[in-house]
Amino acid sequence: MAKVIIYPTNSLILSDMVERFGHEPLAMMEKIREKIATVGVDSPPLNITPEGPKHGLKYAAVEVPAGVRGRMSIIGPLIDIAEAAIIVGDASISFGCMGCARTNELTKFLIREKDIPVLEIQYPHTEEEGKAFVYNIAEFLKALPTGGDDE
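Novice: Please clarify how the overall build of the protein should be interpreted in this entry.
Specialist: A count of helices and strands for the protein gives seven helices and four strands. Helices and strands appear in the protein in the N-to-C order β-α-β-α-α-α-β-α-α-β-α. In the protein, which comprises 151 residues, the proportion classed as buried is 40%. The long-range share in the protein, meaning contacts at least 24 apart out of those at least 6 apart in sequence, stands at 64%. Of the roughly 8,900 Å² that the protein leaves accessible, carbon and sulfur atoms contribute 56%.

Quick look at the structure:
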């Protein structure tokens, strides 16, 4: 099973596809759930600690807005452990809006710089493009090593 980071990192569709093909989706939803469920976080609905933006400094300079550092404190560690990636370009807002242009660019840059298999694909706008979209993602995921003791 490969750990596959998805972009947009909050796309339920991509997360589901990765999981259906036997891989672990690295998505923001799981990390946000951990933050919400953590006992001792005193500031719901923000659910941040002073350490979050500090962790983001590993991925973004101190001069960038704190929001970018905060987002990168969540997304950066996912990129670090990723073994493969799927980047969907020109995605509809309903496919998984990331909300921050600078974080988006930094996320895609860091993924591309990592030495892992990356599928970059454009969001489909027609039924035929949609079929090709799903097919290409499926083929990419099938080609990734599944690991396990039985291989």
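Picking up after the structure, the text goes on.
Novice: Could you clarify how one ought to interpret the pairing of strand β1 (residues 3-7) in this entry?
Specialist: The side chains of a regular strand alternate between both faces of the sheet. When you tally the buried positions in β1, you get four out of five residues, the bulk of the element. In the sheet, β1 pairs with strand β2 (residues 24-26) via three bridges, with the strands oriented parallel. For Lys-3, the partnering residue across the bridge sits in β2 and is Glu-24. In this fold, the crossover linking β1 to β2 by way of helix α1 (residues 12-20) has right-handed handedness. For β1 and strand β3 (residues 84-89), the ladder comprises four bridges, and the chain directions are parallel. Paired with Ile-6 across the two strands is Ile-86, which belongs to β3.

Novice: What exactly am I supposed to notice about the pairing of β3 here?
Specialist: Of all six residues in β3, six are buried; the element is thus mostly enclosed. Taking every second residue as pointing to the same face, both faces of β3 are buried, with Ala-84, Ile-86 and Val-88 on one and Ala-85, Ile-87 and Gly-89 on the other. Judged from the five bridges that link them, β3 and strand β4 (residues 118-122) form a sheet pairing that is parallel. Among the inter-strand pairings, Gly-89 is bridged to a residue of β4, identified as Gln-122.

Novice: Even after reading the chapter, I still don't get the sheet that holds β2, so can you show me in this structure?
Specialist: Think of a sheet as strands paired side by side through backbone hydrogen bonds, with each pair either parallel or antiparallel. Read across the sheet, four strands follow the order β2-β1-β3-β4 without closing on themselves; strand pairing throughout is parallel. Looking at which strands have only one partner, the edges of the open sheet turn out to be β2 and β4. When the angles between neighbouring strand axes are averaged without regard to direction, this sheet yields 25 degrees. The strands touched by α1 are β1, β2 and β3; relative to β1, the strand with the most contacts, the crossing angle is about 160 degrees.

Novice: Where do I start with the pattern of salt bridges in this structure?
Specialist: Pairs can form between side chains of opposite charge once their charged atoms are near each other. Taken as a whole and judged by the stated rule, the model has seven salt bridges. A salt bridge links Glu-105 to Lys-108; the nearest nitrogen and oxygen atoms lie 3.5 Å apart. Placement of the pair is Glu-105 and Lys-108 together in helix α6 (residues 101-113), with a separation of three residues, close to one helical turn. Among the residues examined, Glu-105 registers a relative accessible area of 45% and is labelled partly exposed. Residue Glu-139 is joined to Lys-142 by a salt bridge in which the shortest nitrogen-to-oxygen separation is 3.4 Å. Placement of the pair is Glu-139 and Lys-142 together in helix α7 (residues 127-143), with a separation of three residues, close to one helical turn.

How each quantity is defined
- Residues numbered from 1 in each chain as written.
- Predicted model: local features only at pLDDT ≥ 70, side-chain atom pairs only at ≥ 80, totals over all residues.
- Heavy atoms only, no water.
- Helix = DSSP H or I, 4+ residues; strand = E, 2+ residues; numbered from the N terminus.
- Buried < 20%, exposed > 50% of the residue type's maximum accessible area, 1.4 Å probe, protein only.
- Contact = heavy atoms within 4.5 Å.
- Areas by Shrake-Rupley, 256 points an atom, 1.4 Å probe, with all protein chains shown as cover.
- Pairing = 2+ DSSP bridges.
- Right-handed = clockwise from strand over helix to strand, strands pointing away.
- Axes fitted to C-alpha atoms, helices over the stretch in contact; angles between N-to-C directions.
- Salt bridge = Lys/Arg side-chain N within 4 Å of Asp/Glu carboxyl O.

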